[in-house]
Amino acid sequence: MLKARTIFRQFLKSPNKVGAVAPSSRYLANGMLDELSWDTLTNVVEYGPGTGAISRHLLKRIEPHQRLFAVELNDQFIPVLQQKLPELEVFNESVSDIRAICDREQVDFVDAIVSGLPWTAFPEPLQEELMNATLSVLADRGQFVTFAYVHGLPLQNAKRFRKRLKDTFSEVSISPVVWRNVPPAIFYSCRK
Ligand SMILES: C[S@@+](CC[C@H](N)C(=O)[O-])C[C@H]1O[C@@H](n2cnc3c(N)ncnc32)[C@H](O)[C@@H]1O
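Report on the accompanying structure. The numbers attached to residues start from 1 for each chain and follow its sequence in the written order. Side-chain atom pairs in this predicted model are given and counted only at pLDDT of 80 or more, local residue features only at pLDDT of at least 70, and totals for whole chains, interfaces and linings cover all residues. Water and hydrogen atoms play no part in the side-chain values, which are based on all heavy atoms of the structure.

1. Description of the layout of surface pockets
Thinking step 1. In this structure, the second largest pocket encloses a volume near 170 Å³.
Thinking step 2. Pro 23, Ser 24, Ser 25, Ala 53 and Arg 56 are, among the 10 residues lining the second largest pocket, the residues nearest its centre.
Thinking step 3. Across the lining of the second largest pocket, the residue classes tally to four nonpolar, three polar and three charged. The rule is simple: put a 1 Å grid over the protein atoms alone, call a set of points where a 1.4 Å probe fits but cannot get out a cavity, call an open set with protein on both sides within 12 Å along at least five of seven lines a pocket, and count a residue as lining if it has an atom within 4 Å of a point. Grid points are joined across faces, edges and corners, and a volume is the space filled by probe spheres set on the points. Polarity classes work like this: nonpolar for Ala, Val, Leu, Ile, Met, Phe, Trp, Tyr, Cys and Pro, charged for Asp, Glu, Lys and Arg, and polar for all others, with Gly in that last group.

2. Section: the packing of aromatic side chains
Thinking step 1. Stacked, tilted and edge-to-face pairs are distinguished by plane angle, under 30 degrees for stacked and over 60 for edge-to-face with tilted covering the rest, among Phe, Tyr and Trp rings (Trp via its six-membered ring) whose centres lie within 6.5 Å. Within this structure, the stated rule accounts for seven aromatic pairs.
Thinking step 2. Relative to Phe 122, the ring of Trp 119 has its centre 6.3 Å away and its plane inclined at 70°; by these criteria the two rings are edge-to-face. Both residues of the pair, Trp 119 and Phe 122, count as buried.
Thinking step 3. By way of ring pairs, the aromatic residues Trp 119, Phe 122, Phe 144, Phe 161, Phe 169 and Tyr 188 are connected into one cluster.
Thinking step 4. Comment: the charge-over-ring label is applied if NZ (Lys) or CZ (Arg) is within 6 Å of the ring centre and within 35 degrees of the ring normal. In this structure, Arg 104 is placed above the aromatic ring of Phe 91, and the distance from its NZ or CZ to the ring centre is 5.0 Å.
Thinking step 5. Seen from the ring of Tyr 27, Arg 180 lies directly overhead, with NZ or CZ sitting 4.1 Å from the centre. Each residue gets one of three labels from its accessible area relative to the maximum for its type: buried under 20%, exposed over 50%, partly exposed in between, using a 1.4 Å probe on protein chains only.

3. Details of the pattern of salt bridges
Thinking step 1. A side-chain nitrogen of Lys or Arg and a carboxyl oxygen of Asp or Glu constitute a salt bridge if their distance falls within 4 Å. Under the defined criterion, the tally for this structure stands at 10 salt bridges.
Thinking step 2. Glu 124 serves as the salt-bridge partner of Arg 160, at 3.1 Å between the closest nitrogen and oxygen. With Arg 160 in helix α8 (residues 156-168) and Glu 124 in helix α7 (residues 124-137), this pair connects stretches of sequence that are 36 residues apart.
Thinking step 3. Among the residues examined, Arg 160 registers a relative accessible area of 38% and is labelled partly exposed.
Thinking step 4. Within the structure, one salt-bridge network assembled from shared partners comprises Arg 67, Glu 89, Glu 93, Arg 104 and Glu 105. Numbering of helices and strands runs from the N terminus; a helix is a DSSP stretch of H or I covering at least four residues, while a strand is a stretch of E covering at least two.

4. Digging into the nonpolar core
Thinking step 1. With 28 residues, the main nonpolar core has Tyr 47, Phe 69, Ile 98 and Phe 144 as its most contacted residues.
Thinking step 2. Elements supplying a minimum of two residues to this core: β1 (43-47), β2 (67-71), α6 (98-104), β4 (110-115), α7, β5 (138-149), α8 and β7 (185-191).
Thinking step 3. Counting residues per element, this core draws most heavily on α7, at four residues.
Thinking step 4. We call two residues in contact whenever any of their non-hydrogen atoms come within 4.5 Å of each other. Sequence-distant contacts of Ile 98, that is, excluding residues within four places in its chain, are made with Val 45, Tyr 47, Phe 69, Val 71, Ala 133, Thr 134 and Val 137.
Thinking step 5. Nonpolar cores were defined as sets of buried Ala, Val, Leu, Ile, Met, Phe, Trp, Tyr and Cys residues, with membership established by side-chain atoms within 4.5 Å. Leu 33, Leu 68, Ile 78 and Leu 85 belong to the second-largest nonpolar core, a separate cluster that totals 27 residues.

5. Comments concerning the side chain of Ser 94
Thinking step 1. With respect to the helices, strands and loops of the structure, Ser 94 is situated in the loop between β3 (90-91) and α6.
Thinking step 2. With a relative accessible area of 18%, Ser 94 lands in the buried category.
Thinking step 3. Only 3.0 Å separates the side chain of Ser 94 from the backbone nitrogen of Ser 96, close enough to count as a polar contact.
Thinking step 4. Beyond its immediate sequence surroundings of up to four residues, Ser 94 is in contact with Val 71, Leu 73, Ile 101 and Leu 130. Polar contacts, as counted here, are pairs of nitrogen or oxygen atoms within 3.5 Å of one another; within protein the pair requires one atom able to donate a hydrogen and one able to accept it, and residues that are adjacent in sequence qualify only if both atoms are side-chain atoms.

6. Topic: a positive patch on the surface
Thinking step 1. Like charges are joined within 9 Å and nonpolar side chains (Val, Leu, Ile, Met, Phe, Trp, Tyr) within 5 Å, but only among residues with over 30% relative accessible area and no salt bridge; these make up the patches. Accessible surface area values rest on a Shrake-Rupley calculation with a 1.4 Å probe, where residue burial reflects the displayed protein chains alone. When charges are tallied, Lys and Arg are placed among the positive residues and Asp and Glu among the negative ones, while His and the ends of the chain are skipped. Think of each charge as sitting on NZ of Lys, CZ of Arg, CG of Asp or CD of Glu. Taken together, the side chains of Arg 26, Arg 56, Lys 60 and Arg 180 define a basic patch exposed on the protein surface.
Thinking step 2. Relative accessible area serves as the criterion here: at 35%, Arg 56 is assigned to the partly exposed category.

7. Points about the sheet that holds β5
Sheet strands associate in pairs through backbone hydrogen bonding, adopting either a parallel or an antiparallel arrangement.
Thinking step 1. For two strands to pair, DSSP has to find at least two bridges joining them. One open sheet accounts for seven strands, arranged β3-β2-β1-β4-β5-β7-β6; its pairing is mixed. The sheet is open, and its two borders are formed by β3 and β6 (171-174), each paired with just one other strand.
Thinking step 2. As judged from the five bridges shared by β4 and β5, these two strands associate in the parallel manner. Of the residues in β5, the one forming a bridge with Ser 115 is Thr 146.
Thinking step 3. Relative to the sheet, α7 contacts β1, β4 and β5, its axis offset from that of β5 by approximately 145°.
Thinking step 4. On top of the sheet, α8 reaches β5, β6 and β7; it is set at about 20° to β7, its chief contact. With axes taken as lines fitted to C-alpha atoms, and helix axes fitted only over the stretch in contact, angles between N-to-C directions fall between 0 and 180 degrees.

As structure tokens, this is what we get:
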């Protein structure tokens with residue numbers, strides 16, 4: 001409940017940066033994580049963990065030989081994450097700086113990115129900047145998984161984002177609607 005209230009308050013403050021009124025459900029989180037080729041992963045990054053709705057499922061699946069870290073821009077979420085998920089390594093920075101973050105952390109390439117960013121709420125130039133930054137760290141054949149709310153799909157921004165994914169990645173698949181999420185969502189599973 002505390003986590004739901006935290007995310008709702010932050011949404012009211014910055015709707016275009018937070019982009020969600022409630023944390024993702026376990027059905028959405030696990031649907032996204034089922035897409036990853038876990039046996040082949042070394043480095044996994046989560047974008048925009050918020051209050052940790054997806055992170056806690058990531059932490060359950062990650063093996064000791066694999067590295068996971070998260071990048072969260074909003075400093076209000078950092079103490080929540082530290083309290084709820086102390087084992088999650090999280091950097092209070094922007095995904096725009098993911099290349100510099102990986103360099104600092106001595107991670108050459110990332111095998112999978114699980115994104116919670118509200119891509120379709122971003123203006124085009126920011127979307128492009130974040131996608132270029134993503135491509136600079138994602139390994140060849142690396143995976144990128146992200147979600148979008150169903151009610152927003154008919155909007156131009158959402159259509160443009162879907163086109164961007166198709167233009168950027170060699171494979172893009174779209175999930176069935178995850179109804180057990182507030183609001184209902186789909187996710188995109190992409191391979192570089
Ligand atoms: C839609 S919420 C998702 C929260 C959580 N992953 C979930 O699924 O419930 C989007 C999150 O992305 C974060 N965010 C937005 N822009 C970001 C950026 N440039 N870099 C890192 N995090 C960002 C927001 O602060 C927020 O926590």
